[in-house]
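# Coordinates in review
Spelled out from the first residue to the last, the chains are:
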Amino acid sequence: QVQLVESGGGLVQAGGSLRLSCAASGRTLSSHAMGWFRQAPGKEREYVAAMRSSGGTPYYADSVKGRFTISRDNAKNTVYLQMNSLKPEDTAVYYCAAKIVGGAKYEYWGQGTQVTVSS
């Protein structure tokens, strides 16, 4: 129903920026809440940012608030994560996810894109 493909990851120096993209195929993202998660080696996947299907004020984890920005372009079926002032602790595989309106959990997940921040 929904396929998600992340891109934009890579190696960046501390203080730098990256913009992750999550392109969706299938149903339009306008009917889904979107989220970004990340998982570092040896750690559990953690929530990073989320946006309701209706838009509004996004939610951010405290660790990224003020540095990361989630946005979406429904016309392109794409969600973005702008990451500024990157820190080495931001190093992780980043995943985007989609949840149907009214859904209890994120049902669709991308394959992930690696973000590595060097100091």
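Anything mentioned here points back to the structure above.
Counting restarts for each chain: residues are numbered from 1 in the order of the written sequence. Only residues with pLDDT of 70 or above have their local features reported here, since the model is predicted, and side-chain atom pairs are shown and tallied only from 80 upward, although totals for entire chains, interfaces and linings are computed over all residues. Just so you know, side-chain values use all the structure's heavy atoms and leave hydrogens and water out.

## So, the pattern of salt bridges
Quick note on the threshold: Every case where a carboxyl oxygen of Asp or Glu lies within 4 Å of a side-chain nitrogen of Lys or Arg is listed as a salt bridge. Here a strand is any run of E in DSSP of at least two residues, a helix any run of H or I of at least four, and the numbering for each starts at the N terminus.
On inspection of all chains with the given rule, the structure shows three salt bridges. Linking R38 and E46 is a salt bridge whose minimum nitrogen-to-oxygen distance equals 2.7 Å. A salt bridge links R67 to D90, with the shortest nitrogen-to-oxygen separation between them at 2.7 Å. Note that R67 is positioned in the loop between β6 (55-60) and β7 (68-73) and D90 in the loop between β8 (78-83) and β9 (92-100), a separation of 23 residues in sequence.

## Focus: the packing of aromatic side chains
So the rule is basically this: Stacked, tilted and edge-to-face pairs are distinguished by plane angle, under 30 degrees for stacked and over 60 for edge-to-face with tilted covering the rest, among Phe, Tyr and Trp rings (Trp via its six-membered ring) whose centres lie within 6.5 Å. Between buried and exposed lies partly exposed: a residue is buried under 20% and exposed over 50% of the maximum accessible area for its type, with that area taken using a 1.4 Å probe on protein chains only. By definition here, charges over rings are those cases where NZ of Lys or CZ of Arg is within 6 Å of the ring centre and within 35 degrees of the ring normal.
Per the stated rule, a full pass over the model turns up four aromatic pairs. An angle of 70° between the planes, with centres 6.2 Å apart, marks the rings of F37 and Y47 as edge-to-face. With F37 in strand β4 (residues 32-39) and Y47 in strand β5 (residues 46-52), the pair connects residues that are ten residues apart, well separated along the chain. The class of F37 is buried, set by a relative accessible area of 11%. Judged by centre distance (5.2 Å) and plane angle (80°), the rings of F37 and Y106 are edge-to-face. Linking F37 in strand β4 with Y106 in the loop between β9 and β10 (108-109), this pair joins segments that are 69 residues apart in sequence. Pair check on accessibility: F37 and Y106 agree, each one buried. By the ring-pair criterion, three or more aromatic residues cluster together here, those being F37, Y47, Y106 and W109. Over the face of the ring belonging to Y80 we find R19, whose NZ or CZ atom lies 3.9 Å from the ring centre. In this structure, R45 is placed above the aromatic ring of W109, and the distance from its NZ or CZ to the ring centre is 3.8 Å.

All we've got here are geometric facts, nothing functional implied.
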